[in-house]
Amino acid sequence: MIIAIDGPAASGKGTLARRVADAMNYAYLDTGLLYRATGAKVLAQKADPADEAIAVKVAENLKADDLSGDALRSEKVGTAASKVAAIPMVRAALLDFQRRLATTPPDGKRGAVLDGRDIGTVVCPEAPIKFYLTASVEERANRRFKQLQEKNPAAIYERVLKELEERDARDSARDVAPLKMAEDAIHIDTDRLNANAVYDAVMAHIHTHMSADD
Ligand code: CDP
Ligand code: CDP
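Residues numbered from 1 in each chain as written. Chains lettered and ligands numbered in written order. Predicted model: local features only at pLDDT ≥ 70, side-chain atom pairs only at ≥ 80, totals over all residues. Heavy atoms only, no water.

Asks: Explain the sheet that holds strand E2 (residues 27-30) here, please?
Replies: The strands that make up a sheet are held in pairs by hydrogen bonds between backbone atoms, and each pair lies either parallel or antiparallel. Here 5 strands make up an open sheet; going across it, the order is E2-E3-E1-E4-E5 and the pairing parallel. Only two strands of the sheet have a single partner each, and these edge strands are E2 and strand E5 (186-189). Direction aside, neighbouring strands of the sheet carry axes that sit 20 degrees apart on average. Judged from the 4 bridges that link them, E2 and strand E3 (residues 112-116) form a sheet pairing that is parallel. Bridged to Tyr 28 within E3 is Val 113. Packing against the sheet, helix H1 (residues 13-24) makes contact with strand E1 (2-6), E2, E3 and strand E4 (129-134), and its axis sits at approximately 180 degrees to E3. (Pairing = 2+ DSSP bridges. Helix = DSSP H or I, 4+ residues; strand = E, 2+ residues; numbered from the N terminus. Axes fitted to C-alpha atoms, helices over the stretch in contact; angles between N-to-C directions. Contact = heavy atoms within 4.5 Å.)

See the structure below:
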């Protein structure tokens, strides 16, 4: 069983996906981390994230250890991630790992929850349950600003808003696997919903789907 959760930056994918995976005892993969880790390593080499040769080499050699650390959560790394993510060969290099986890989840888990931009459209188009979360860019900037402010009191809302707008535009406009809703996804506009309300709505859909299968 695969559950796909897509949507733009700070729409609440990770918060939701982690909770759904816990409740169902499924594996969880935050696919954004693969692009963030690639972007962070290219930046660490003082290279340009849009440099195809360097970004592809980094993506091909990514290790599990590269996927952790608070530094990956910064908006600087988010921007670098969205630049490497526009390179078709970077996406190709990261695809297998995502598909393998989705189709053969570890530790005897019976399913997997993946969140990202193209899970329902490209990584797991066969997923039987897909969600697409949205919220206005102002609401999402507010959420991301609050998260960043906890670690860095000097965070600036206007800057977070501008970075999210640029990232939305880059993620939606790219040629390969752009951010877009799969035709068979359930759309949830989270603008006026808190994380608990989104979780309840999603679990209700999952239960309906599961009981229809019985
Ligand atoms: O993974 P993604 O970037 O889509 O978002 P996130 O990091 O899971 O969520 C961003 C922030 O929004 C977190 O602090 C959540 O607690 C908060 N939030 C949410 O996840 N869902 C809502 N409906 C409202 C707020
Ligand atoms: O947490 P947030 O939604 O801000 O970003 P993320 O999910 O960590 O993704 C960072 C960047 O990686 C995105 O802006 C996308 O450009 C890219 N990404 C992607 O292209 N495809 C995915 N499946 C996941 C992330």
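After that view, the rundown keeps rolling.
Asks: Hey, could you run me through the environment of Arg 143 in this one?
Replies: Tracing the sequence through the fold places Arg 143 in helix H7 (residues 137-151). Residue Arg 143 is classed as partly exposed on the basis of its relative accessible area, which comes to 22%. In this structure, the C-alpha to C-alpha distance between Arg 143 and Gly 12, residues 131 residues apart in sequence, is 8.7 Å. Sequence-distant contacts of Arg 143, defined by excluding residues within four places in its chain, comprise Ala 10, Ser 11, Gly 12, Ala 135, Thr 190, Asp 191 and Leu 193. (Buried < 20%, exposed > 50% of the residue type's maximum accessible area, 1.4 Å probe, protein only.)

The quantities given are spatial measurements derived from coordinates; they are silent on function.
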